[in-house]
Amino acid sequence: MDAFLHQVLAGLATGGIYASLALALVMIYQATHLVNFAQGEMAMFSTYIAWSLINAGMPYWPAFLLTVAISFLLGVIIERVVIRPVENAPVLGVVTVFIALLVILNSVTGWIYTYTIKSFPSPFPKEMALGRFMSPHELGAIGVTLLVLAALYAFFRFTPLGLAMRAAAQNPVSSRLVGIRVGWMLALGWGLAAAVGAVAGMMVAPIVYLDPNMMGGILLYAFAAALVGGIDSPMGAVIGGFVVGVLENVLGAFVIGNELKLSVALVLIIGVLLVKPSGFFGKVHVSRV
Amino acid sequence: MILEARNLHAGYGQTRVLHGMDFAIEKGSITALLGANGAGKTTTLRSLCAMVRTQGEISFDGRRIEGMATEDIVRLGVAHVPDGRGTFLNLTTEENLRLGAYSRRDRRAVEPDLERVFGYFPRLRERRTQQAGTLSGGEQQMLAVSRALMLAPKLMLLDEPSFGLAPLLVRELFSILRDIREREGVSMMLVEQNAAMALDLADHAYLIETGRIVLSGTADALKKNDSVRKAYLGY
Amino acid sequence: MSKRNLLVLAAVLVIACALPFLVSNYRTFQLTLVLVYAIALLGLNILTGYSGQISLGHGAFYALGAYVTAILMDKAGVPYWATVPAAGVVCFVAGFLFGLPALRLEGLYLALATFALGVAMPQLLKYHHLEKWTGGVQGIVIPKPDAPFGIPLNSDRWLYFFTLAVALLMFALAWNLLRGRVGRALVAIRDQHIAAEAMGVNGALYKSAAFGVSAMYTGVAGALGAIAVQFVAPDSFNIFLSITLLVGIVVGGLASISGALYGALFIQFVPNIADEISKAAPWAIFGVFMIGFVYLMPTGVAGAVRLLSRRRRSQ
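Residues numbered from 1 in each chain as written. Chains lettered and ligands numbered in written order. Predicted model: local features only at pLDDT ≥ 70, side-chain atom pairs only at ≥ 80, totals over all residues.

## Considerations on unusual backbone geometry
With the exception of glycine, most residues fall at negative phi, and the peptide bonds are largely trans. Positioned with a positive phi, His33 of chain A is a non-glycine residue whose angle comes to about 60°. Residue placement: His33 of chain A occurs in the loop between helix H1 (2–32) and helix H2 (39–55). Unlike most non-glycine residues, Glu160 of chain B shows phi in positive territory, near 50°. In this structure, Glu160 of chain B sits in the loop between strand E7 (155–159) and helix H7 (167–184). Using a count of 22 C-beta atoms within 10 Å as the deciding quantity, one classes Glu160 of chain B as buried. (Helix = DSSP H or I, 4+ residues; strand = E, 2+ residues; numbered from the N terminus. Buried ≥ 20, exposed ≤ 12 C-beta atoms within 10 Å, placed from the backbone.)

## Notes on the nonpolar core
Counting residues in each nonpolar core, the largest one holds 290 residues, and the members touching the most others are Leu25 and Ile269 of chain A together with Ile39 and Ala116 of chain C. Looking at which element gives the most residues to this core, the answer is helix H8 (residues 182–208) of chain A, with 18 residues. Residue assignment places this core across two domains, with domain 1 (1–77 + 153–162 + 184–235) and domain 2 (84–152) of chain B each supplying three or more. With residues up to four places along the chain from it excluded, the contact list for Ile269 of chain A reads Phe223, Ala224 and Leu227 of chain A together with Leu112, Ala113 and Ala116 of chain C. (Core = buried A, V, L, I, M, F, W, Y, C linked by C-beta atoms within 7 Å. Domains from an automatic or database assignment. Contact = placed C-beta atoms within 7 Å.)

## A short note on the interface of chain B and chain A
Contact with chain B, which involves 18 residues of that partner, is made by 15 residues of chain A. Going through the elements one at a time, helix H2 (70–75) and helix H3 (93–100) of chain B are the ones with two or more residues in the side of chain B that touches chain A. When the residues that make up the side of chain B that touches chain A are grouped by side-chain class, the tally is seven nonpolar, six polar and five charged. (Nonpolar A, V, L, I, M, F, W, Y, C, P; charged D, E, K, R; others polar.)

## Structural notes on helix H1 (residues 41–48) of chain B
Residue and element names in this part refer to chain B. With eight of its eight residues buried, H1 lies for the most part within the structure. Among all positions in H1, only Lys41, Thr42, Thr43, Thr44, Leu45, Arg46, Ser47 and Leu48 are buried. Looking at the residues trailing H1, positive phi occurs at Ala50, about 60°.

Quick look at the structure:
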């Protein structure tokens, strides 16, 4: 029973990270109907930026905040410069550009930082007495994740800018008619998604260690989470993230062994796409002929 | 003149819909744009907001606006109530209204304006926290007009505001439009298939056929015009 | 085929046959890999270019073909040349089966599902319950085949001609298939699937079959690749292989048979040049090329060549 509880709690911790990344994916999907295949690498790149800042002597939390700010800017720039020209191109072209982004970020990171695995610090003191159920970092990660999600929710729900972004994602034409600069809303969305991804990266790095390929599997779980929750539902993405995290851990520990964990994501993805493509919280889309 | 268009051409892709139109809207007036289906009425309104590709000159409030982006034209004070209403279906009524005021600089005037809009359309106040997609057709029309009002516009462009509304509601809506013009001095251009009601409301009118203006004058003059009477007024 | 095209084809064939005698053994090996990639790209092109379905996981079928060859040779002593059609059959079935549920997924969602397949593949191959056959992380070593019947060719050259023969066969098959009813049906389904169905084209069958054929081609390529490289291991078949294939068809050109060859030349030789700059550089360069091609040359090299020759002819 102890072991099971531990797996569930650890699953919630990693689930929070999947939830954050899934939320970033959903934010971009809602606004553009595109899946950002490069979301994981963007998060990874941000984490390396944080590593550089910390290595240069900056204390953790200022480095954390600065990284989030830089990531936000990078997200905006990527949308305006790389994605904007192909927003309306045929699907293969868009997918190719996203994959290209993935590949460039991965290789540039490897180029600058080499492929040797590095350790990334956790800001949560190791001596916090939580006993056998959860490490301080796992609890801290859940806390940070929930904080970020709450902040995002408040932003979208209660601020005029958040409202404008929601409007631009749902109905770009009408948004223009009330004076919203839809292009910039898209860029802002990318910026926020990048910032959220950065937080996810910095929370997961202490667990899986920093290396240019660290986000590959995690991205897959985030995809699974986003699909399970509904690719156009932010709340679904968050719930999906926690569900996937717990499932992964529990199945990995007790059913199929840790080696096949990625296959869980694969099966989940294909399964959801076949059985309930709109996810549990998403909207069913009927396309007119 | 709040708006002047000279030699306006517009179209979709390869198809040209408007062929060199000249027209103007007087400040504080209500101008009707009449014509059969497919004549180009909606395209005219869209071209004023840069929602279609145009050639020719358009001046708003003394300023040339052809080539400007839709959102920038809107920010100058042009509110377009599109055909289909353009409601943000997944947002609440109140959120829809507040979005109308999104681009305004005078943030302090937004709350009183919201009150004023609820004054014109009390039913919207009742529905303010409801999801806009659940409102009836008539209520969504009121919402669309209100959202345009929240912009504090100088010019309102209304595309078929009577569409799908019961005659009683149309009468109510048009009398409110008259009210708005009186109290707020907003100029309007109205595209309508219901020519009778439009000519009752408007001061001036244009008649379009296949993308060209074929008749223009005061609403009264058009009401008495024989061909208009026979083709559009039914008597 | 027009007379002009026949001449070009003949010229290319003559050059292809002469090359191994003019260059080093290592170069010949690289050229063999170009042929292997060309077959794989042809497979991906059948799926993406003609059938309009996106796959980011074709590396998985390449891996499947490679492992079929390796396991048959290593565990069952099957001669190398017999493993190639076996790999083809296995991959056709696998592709067809994968294609059945994949039918329901459009564009982006199919890309997502196949991406997941591509990412998960190495882990699947390392699964310890399958280690008896797959050799686990260490993989399987394959002995290099010699020229049969005492033909006086060294093994590199022999492998080249063997691969060339298979490649010609596969290209001819594709050409036949795509020029005829099947090709037209696929394009119809790709461009206007509802209209196509209304005209009696069984979209589901064609799409699954397209997946099967595409997987078969890539599997055959994997088999030939394994024989050439003499080694299979799970980590050589990761998501980057699938991405490499994607680069190949974007650069080479969609919906084109010649595009497979241009793409194959690109993905085989560009990394070698880029390696001189830095170990990580090949991928950064690939990425830049991918973006460049999508913006500037969306029809790939094959499309550009076609455009140029059309312009020259009309002058």
